[in-house]
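Each chain, letter by letter, is given below.
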Amino acid sequence: MTATTPLEAAALDALRAVTDPLTGQDWVSTRQVSALKVEGGAARVDITLGYPARSQWPAYTELVQAALQQVPGITSASVNWSTKVIAHAASRGQSLLPGVKNIVAIASGKGGVGKSTTAVNLALALAAEGARVGMLDADIYGPSQPLMLNISGKPESPDGKTINPPVNHGLQMMSIGLLVENQSATIWRGPMASQAFDQLLRLSNWGEPDAPLDYLIVDMPPGTGDIHLSISQRAPLTAAVVVTTPQDIALLDARKGLQMFEKVSVPVLGVVENMAVFCCPNCGHEEHIFGAHGGERMADEFKVPLLGSMPLDLKIRLQADSGEPTLVADPDSKVSQLYKAMARKLAAGLSRLPKDYTSKMPAVSVQTKG
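Residues numbered from 1 in each chain as written. Predicted model: local features only at pLDDT ≥ 70, side-chain atom pairs only at ≥ 80, totals over all residues. Heavy atoms only, no water.

Enquirer: Hey, could you run me through the sheet that holds strand 1 (residues 33-39) in this one?
Expert: To summarise the sheet geometry, strands pair through backbone hydrogen bonds and adopt either a parallel or an antiparallel arrangement. The mixed open sheet is built from 3 strands, whose spatial order is 1-2-3. Only two strands of the sheet have a single partner each, and these edge strands are strand 1 and strand 3 (76-83). For this sheet, the mean inter-axis angle between neighbouring strands, taken without regard to orientation, is 10 degrees. Where strand 1 meets strand 2 (residues 42-49), 6 bridges bridge the pair, whose relative direction is antiparallel. Across the sheet, the residue bridging to Ala35 is Asp46, located in strand 2. Its contacts with the sheet put helix 1 (residues 6-16) on strand 1 and strand 2, and the angle it makes with strand 1 is roughly 130 degrees. (Pairing = 2+ DSSP bridges. Helix = DSSP H or I, 4+ residues; strand = E, 2+ residues; numbered from the N terminus. Axes fitted to C-alpha atoms, helices over the stretch in contact; angles between N-to-C directions. Contact = heavy atoms within 4.5 Å.)

Enquirer: Can you help me understand the pattern of salt bridges in this one?
Expert: When their charged atoms lie close together, side chains carrying opposite charge are able to pair. For the structure shown, the criterion picks out 12 salt bridges. Of the charged contacts in the structure, one is a salt bridge between Asp214 and Lys101, with a shortest N-O distance of 3.2 Å. A residue pair is termed long-range when its members are at least 10 positions apart, and Asp214 in the loop between helix 5 (190-202) and strand 8 (215-219) and Lys101 in the loop between strand 3 and strand 4 (103-107) qualify at 113 residues. Taking the relative accessible area as the measure of exposure, Lys101 reaches 18% and is therefore buried. Connected via shared salt-bridge partners are Lys101, Arg132 and Asp214. (Salt bridge = Lys/Arg side-chain N within 4 Å of Asp/Glu carboxyl O. Buried < 20%, exposed > 50% of the residue type's maximum accessible area, 1.4 Å probe, protein only.)

Enquirer: Hey, could you run me through the sheet that holds strand 4 in this one?
Expert: Strand order in the open sheet made by the 8 strands is 6-7-5-8-4-9-10-13, with mixed pairing throughout. Where the open sheet ends on each side, the last strands, each with one partner, are strand 6 (167-168) and strand 13 (306-309). For strand 4 and strand 9 (residues 239-244), the ladder comprises 4 bridges, and the chain directions are parallel. Its bridge partner lying in strand 9, Val104 is registered against Ala239. The sheet strands contacting helix 7 (residues 248-263) are strand 4, strand 9 and strand 10 (268-273), and the helix crosses strand 9 at an angle near 175 degrees. Its contacts with the sheet place helix 8 (residues 294-302) against strand 9, strand 10 and strand 13, and it is angled at close to 160 degrees to strand 10.

Enquirer: Explain the side chain of Glu273 to me, please; I cannot follow it from the model alone.
Expert: In this structure, Glu273 sits in strand 10. Arg297 provides the closest opposite charge to the buried, unpaired Glu273, separated from it by 6.9 Å. A polar atom in the side chain of Glu273 sits 2.7 Å from the backbone nitrogen of Gly295. Sequence-distant contacts of Glu273, that is, excluding residues within four places in its chain, are made with Thr244, Pro246, His293, Gly294, Gly295, Glu296, Leu306, Gly308, Ser309 and Met310. (Lys, Arg positive; Asp, Glu negative; His and termini not counted. Polar contact = N/O pair within 3.5 Å; in protein donor to acceptor, adjacent residues only side chain to side chain.)

What follows is the structure, given as structure tokens:
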């Protein structure tokens, strides 16, 4: 935006010195300051963030007020915050999915590291921060999201061809677990499983009319085999997050998962370290049961952020198994705040990726002379 008075120009200059704590960029040069008006010494600012961070608006307001009140002639400042998540480019230039702006894969090279629990809590954290979020359970052989989100029964089909993903806790969710009989084993070869994922992804009616999802979180199956490669290549992924535990054997497989995304040109937003430390509920003693700082070392090795380290906490498992993950069962707890902090880092990192321009490209047609 451009200032209309010298005082407003001075206010914009002051705001250029304020950096976003998560992106390291100022809100003026990134065009997130959408309006600024100074009248009678009172400044009013409208800032639209490119990532959800509703819980941080009061702290961000203090940063803006402190900067503006240093400007001679400004005695007070108020800030109006909003969020506008845009669509970013998908891997390999693929067209975006209807009803979805960004698809983020949550993956691990190894099972049993808490990937699914992390995925659902990150999705809930993004929603709590103000985003529209959906969840796709890509684990065809061992779907767990129906249990974690307490969703059962076959979803509705409005036209006999597409599926309306059911909603609970504010999240749309689709899983093969909703389409097969309860407790039935899915015994399919790789191509069949890949095709099933493709149908769940593309035949689901994501978002609402004129209100697409800001993020679709994909809970990937463990491993780095054929189905994982097919998903990574066929789905228009925006980015990925890798989940691990600190122990060396988990890190070995997590590295393979991260390298897989690098080979298929999917940006990795960071690493989540689960079960980093156990705190005894009786005496408070802390013990690194699975080793210490493994996730941090891996993040440094691949030059990606460490989004966060989560404790080994019995409540996290109990809450997920009960159908009310931590963000729902105890939204104000310390663990929930850790998940929210990771979600904000994830979203802020994604907001800096290249934008999607496929919808603005003109259609190309070939005509032959008659």
